[in-house]
Structure formats: C-alpha cells, structure tokens
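Coordinates in review
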Amino acid sequence: MRKRVGFRRHQATFKSHDGTVDSYGQPTYNTESDWDVFFSGWPCEFISTVGGEILRGRMVTEKSTHACFGNFRAVEGLNTKMRVEINGNNYGITSVSDPEGVRTEMRVEMRLEK
C-alpha cells in the first residue's frame, strides 16, 4: 500500500441500479434517477490506465480505463453491477479486488461511460 501526501484526494460516489425496468422488463440505465447512492464520499487515489498495463504488480483488465484505491472497510459489498462517479464523470465498475488479501485496501477498476 503506497502512502504519499495527498494521494487520496479524490471523492468517489458508488451507485447501484434501483431495479427500474422498461415495458419489456429490461433494466433501464438511461437517467440519473435509475441509480441509488450506495456509498458517498469515499477518499481514493484515482489513476488512468491502459488495458493490459501492470499496475501495482497486477495486470489491469483490457477493458479498464481507470483504477482507484482506497480503504477496504468503507465500501465492502461493491460489485461490477454498480457504477462510480468521480470528478463529475461516471464509470462502470469492471473489477473489484483486495490486492493484498488483508482487507485493508480496495482496488476498483473502471471504464469511462459515454
């Protein structure tokens, strides 16, 4: 786990889909109202990546464009069906992991939503 002054200067808001479906029974993801806040104000380190890049000893999945690191216990329960908002941009979560296996730091890989 890296410790640098100011390295967790970004605030992340995690959102989960609220279960809204259209007339065909398919989930809708079109509007902001389709998402409920799961956790807000998570301080994290935010890094741009390239798929296949080695980041902190592990390869980033090829579909990820960004990664963030922060306190594990604050956001237990994250999954790839959620999305995260950082600096006004929405990202779909592509991977959630505990890189050191000791439940102190959470690694979240993301892809920028258009």
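To start, this report covers the structure provided alongside it. From a predicted model like this one, the values you see are computed outputs, not experimental measurements. (Residues numbered from 1 in each chain as written. Predicted model: local features only at pLDDT ≥ 70, side-chain atom pairs only at ≥ 80, totals over all residues. Heavy atoms only, no water.)

Observations regarding the overall build of the protein
Check the secondary structure of the protein and you find zero helices and eight strands. When the helices and strands of the protein are listed from N to C terminus, the series reads β-β-β-β-β-β-β-β. Partitioning the contacts of the protein with sequence separation of at least 6, the portion at a separation of at least 24 is 55%. Of the accessible surface of the protein, which amounts to about 6,600 Å², a share of 50% is contributed by carbon and sulfur atoms. (Helix = DSSP H or I, 4+ residues; strand = E, 2+ residues; numbered from the N terminus. Contact = heavy atoms within 4.5 Å. Areas by Shrake-Rupley, 256 points an atom, 1.4 Å probe, with all protein chains shown as cover.)

Side note on unusual backbone geometry
For Asn87, which is not a glycine, the phi torsion comes out positive at approximately 55 degrees. Structurally, Asn87 is set in the loop between strand E6 (83-86) and strand E7 (89-97). Relative accessible area serves as the criterion here: at 53%, Asn87 is assigned to the exposed category. Positioned with a positive phi, Arg103 is a non-glycine residue whose angle comes to about 60 degrees. Within the fold, Arg103 resides in the loop between E7 and strand E8 (105-112). Using a relative accessible area of 42% as the deciding quantity, one classes Arg103 as partly exposed. (Buried < 20%, exposed > 50% of the residue type's maximum accessible area, 1.4 Å probe, protein only.)

Looking at the pairing of E6
By the bridge criterion, four bridges tie strand E1 (residues 10-17) to E6 in an arrangement that is antiparallel. Its bridge partner being in E6, Ala12 is matched across the sheet by Ile86. The pairing of E6 with E7 spans four bridges and is antiparallel. Paired with Arg83 across the bridge in E7 is Gly92. (Pairing = 2+ DSSP bridges.)

Remarks on the nonpolar core
With 17 residues, the main nonpolar core has Phe14, Trp42, Cys68, Val84, Ile86, Val108 and Met110 as its most contacted residues. Those elements that place two or more of their residues in this core are E1, strand E2 (35-48), E6, E7 and E8. The residues touching Val84, leaving out its near neighbours within four places in the chain, are Ala12, Thr13, Phe14, Asn89, Asn90, Tyr91, Ile93 and Met110. (Core = buried A, V, L, I, M, F, W, Y, C linked by side-chain atoms within 4.5 Å.)

Details of the packing of aromatic side chains
Each aromatic ring pair is specified by the distance between its two centres and by the angle formed by the two planes. For the structure shown, the criterion picks out two aromatic pairs. Both rings, one in Phe46 and one in Tyr91, keep their centres 5.6 Å apart while their planes meet at 65 degrees; by these two values the pair is edge-to-face. Of this pair, Phe46 sits in strand E2 while Tyr91 sits in strand E7; the two residues are 45 residues apart in sequence, bridging distant segments of the chain. For the residue pair Phe46 and Tyr91, the accessibility class agrees, reading buried in each case. (Phe/Tyr/Trp six-rings, centres within 6.5 Å; stacked < 30°, edge-to-face > 60°.)

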